Amino acid sequence: MRVICEKAASVEEEQAVIKALKMTDEIETAISLLESSGGRIAVNRENQIYLLENNKIYYIESIDKKTFIYTKDNCYETKFRLYELETMLNANFLRCAKAMIVNIRKIRSVKSDINGRMNARLLNDENIVIARSYVKELKERLGI
Amino acid sequence: MDKNKAKVIFEQTMIISTGIFFMIGIGGVITHLSGGEFSLDWYHPLSIILIGFLCALPTLFLKEIDGNKSGFGRIVLHFLCLLGVVSFAGRIFRWYTELSGYMSLVVTFIIVYVFVWLSSLWMGKVDENKINKALEDFHDEE
């Protein structure tokens, strides 16, 4: 397979496009590797420590100076603060409220609310609020 | 005051002032076409911008005290705060001197209030459609 690698102008423009006649084990491995290249975060749940892949994260919330990371079905705690995670995570993650970061790739749809806020429905059917002041940033990330 | 709050106040001031100027403009055209005289005092344009600013403050205040809730009661409280500001400022700037003048001010205020809400809702709906269309290609498959 011919491999082309070009330099992207920004983090937002980084992408990998694979054109293949059919899905093979090698390609699936490559996709899995690329998808997990965003790194992992050390989290704990019920006194067990895990390394959570960033692309499994739905959203992160700070409550009473504790930081909780939510995946499709689970909730973990991490020692990192929200502002630290913001710098550790890639451009798919967006600050959507004062105490919350959301993975844009896990947003199924949004619905506008009064006061310019958006109610976001995630892929696991949970709902979160995107504050008015962060809607513009979301649009920019989506290239609107 | 952080940048976002200043931005909200500025945007609200502009939207409300534009709405009031628009209504006064319409009023001027109607008065002229019906043969009447229409004029503004020197301080009216600036007083309108000041009203826009004062009306923007309750919006921000209500967001601060109850940022995660929405509902009819909140809108009614917001409406009454703004009506209070407009009535008080209208008295100071002599926009009305008798009851009939005050009633036309209230009617104008209601029209501007509805205009601002409808504009905001429409802009929100446009954003919603654009974002949802972009998300279709962007979100993961689960």
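Residues numbered from 1 in each chain as written. Chains lettered and ligands numbered in written order. Predicted model: local features only at pLDDT ≥ 70, side-chain atom pairs only at ≥ 80, totals over all residues. Heavy atoms only, no water.

**A word on the overall build of chain B**
Phase 1: Summing up its helical and strand segments, chain B has four helices and zero strands in all.
Phase 2: Relative to its 142 residues, chain B shows a buried fraction of 34%.
Phase 3: Considering only intrachain contacts with a sequence separation of at least 6, the fraction spanning at least 24 residues in chain B is 71%.
Phase 4: For chain B, the exposed area adds up to about 9,200 Å²; of that, 68% sits on carbon and sulfur atoms. (Helix = DSSP H or I, 4+ residues; strand = E, 2+ residues; numbered from the N terminus. Buried < 20%, exposed > 50% of the residue type's maximum accessible area, 1.4 Å probe, protein only. Contact = heavy atoms within 4.5 Å. Areas by Shrake-Rupley, 256 points an atom, 1.4 Å probe, with all protein chains shown as cover.)

**A short note on the packing of helix α1 (residues 3-33) of chain B against helix α4 (residues 99-138) of chain B**
All names here are of chain B.
Phase 1: Look at α1 against α4: their axes get within 9 Å of each other, and the N-to-C directions meet at 130°. Here α1 lies oblique to α4, going by the angle between them. Handedness of the α1/α4 crossing: right-handed. Along its contact with α1, which presents Ile15, Ile16, Gly19, Ile20 and Met23, the element α4 presents Thr108, Ile111, Val112, Phe115 and Val116. (Axes fitted to C-alpha atoms, helices over the stretch in contact; angles between N-to-C directions. Parallel < 35°, antiparallel > 145°, perpendicular 65-115°, else oblique. Left-handed = near helix turned anticlockwise from the far one by under 90°.)

**Focus: unusual backbone geometry**
Phase 1: Of note, the phi angle at Lys65(A) is positive, near 65°, even though the residue is not glycine.
Phase 2: The phi dihedral of Asp125(A) is positive, around 70°, even though this residue is not glycine.

**Brief notes about the side chain of Asp140(B)**
Phase 1: Considering the arrangement of structural elements, one finds Asp140(B) in the segment after α4.
Phase 2: Within the structure, Asp140(B) has its side chain in polar contact with the side chain of Lys106(A) (distance 2.8 Å).
Phase 3: Apart from the residues within four sequence positions on either side, Asp140(B) is in contact with Asn55(A), Arg105(A), Lys106(A) and Leu123(A). (Polar contact = N/O pair within 3.5 Å; in protein donor to acceptor, adjacent residues only side chain to side chain.)

**Re helix α3 (residues 132-141) of chain A**
Phase 1: Taken as a whole, α3(A) has its buried residues at Val135(A), Leu138(A) and Lys139(A). Down the axis, α3(A) shows its buried residues gathered within 95° of arc, on one side only. (Arc of directions from axis to C-beta.)

**Things to note about a nonpolar patch on the surface**
Residues and elements named next belong to chain B.
Phase 1: A surface patch of nonpolar side chains, amounting to about 290 Å² of accessible area, comprises Leu50, Phe53, Leu54 and Leu57.
Phase 2: With respect to the helices and strands, the residue Leu50 is situated in helix α2 (residues 44-65).
Phase 3: Among the residues examined, Leu50 registers a relative accessible area of 38% and is labelled partly exposed. (Patch = residues over 30% accessible without salt bridge, like charges linked within 9 Å, V, L, I, M, F, W, Y side chains within 5 Å. Salt bridge = Lys/Arg side-chain N within 4 Å of Asp/Glu carboxyl O.)

**Some details on the sheet that holds strand β9 (residues 118-122) of chain A**
Phase 1: Taken in spatial order, the three strands line up as β8-β9-β10 (chain A) in an open sheet, and their pairing is antiparallel. Strands with a single pairing partner mark the edges of an open sheet, and in this sheet they are β8 (107-112) and β10 (127-130) of chain A. In this sheet, neighbouring strand axes are inclined to one another by 30° on average, regardless of whether the strands run parallel or antiparallel.
Phase 2: As paired strands, β8(A) and β9(A) are joined by five bridges and run antiparallel to one another. Across the sheet, Val110(A) pairs through a bridge with Ala120(A), a residue of β9(A).
Phase 3: In the packing of α4(B) onto the sheet, contacts are made with β8 and β9 of chain A, and the angle to β8(A) comes to roughly 170°. (Pairing = 2+ DSSP bridges.)

**Structural notes on the nonpolar core**
Phase 1: In terms of nonpolar packing, the biggest core is built from 23 residues, with Tyr59(A), Val102(A), Ile107(A), Val110(A), Ile128(A), Ile130(A) and Ile131(B) touching the most fellow members.
Phase 2: Counting only elements with at least two residues in this core, the list comes to β4 (66-70), β6 (93-97), β7 (100-103), β8, β9, β10 and α3 of chain A together with α4 of chain B.
Phase 3: Excluding residues that lie within four positions of it along the chain, Val110(A) makes contacts with Met118(A), Asn119(A), Ala120(A), Ile130(A), Glu128(B), Ile131(B), Asn132(B) and Leu135(B).
Phase 4: Within the second largest apolar cluster, 20 residues are counted, among which are Ile114(A), Ile48(B), Val106(B) and Val116(B). (Core = buried A, V, L, I, M, F, W, Y, C linked by side-chain atoms within 4.5 Å.)

**Comments concerning the side chain of Ser47(B)**
Residue and element names in this part refer to chain B.
Phase 1: With respect to the element layout, Ser47 can be found in helix α2.
Phase 2: According to the relative accessible area criterion, Ser47 is buried, its value standing at 2%.
Phase 3: Every residue in contact with Ser47, bar those within four places of it in the chain, is listed here: Phe93 and Trp95.

**Quick word on the packing of aromatic side chains**
Phase 1: Summed over the entire model, instances satisfying the criterion amount to ten aromatic pairs over all chains.
Phase 2: Plain terms: the ring middles of Tyr59(A) and Tyr70(A) are 4.4 Å apart, the flat faces sit at 15° to each other, and that makes the pair stacked. Of this pair, Tyr59(A) sits in strand β3 (residues 59-63) while Tyr70(A) sits in strand β4, placing them eleven residues apart in sequence.
Phase 3: Judged by its relative accessible area of 16%, Tyr70(A) falls in the buried class.
Phase 4: Connected via pairs of aromatic rings, a cluster forms that spans Phe79(B), Phe109(B), Tyr113(B) and Trp117(B). (Phe/Tyr/Trp six-rings, centres within 6.5 Å; stacked < 30°, edge-to-face > 60°.)

**Describing the packing of α3(A) against α1(B)**
Phase 1: Across the interface, α3(A) lies against α1(B) with an axial gap of 10 Å and an inter-helix angle of 95°. Taken as axis vectors, α3(A) and α1(B) run roughly perpendicular relative to one another. The residues of α1(B) that touch α3(A), namely those facing Arg132(A), Ser133(A) and Lys136(A), are Asn4(B), Lys7(B), Val8(B), Glu11(B) and Gln12(B).
Phase 2: Of the residues assigned to the contact of α3(A) with α1(B), the class counts are one nonpolar, three polar and four charged. (Nonpolar A, V, L, I, M, F, W, Y, C, P; charged D, E, K, R; others polar.)

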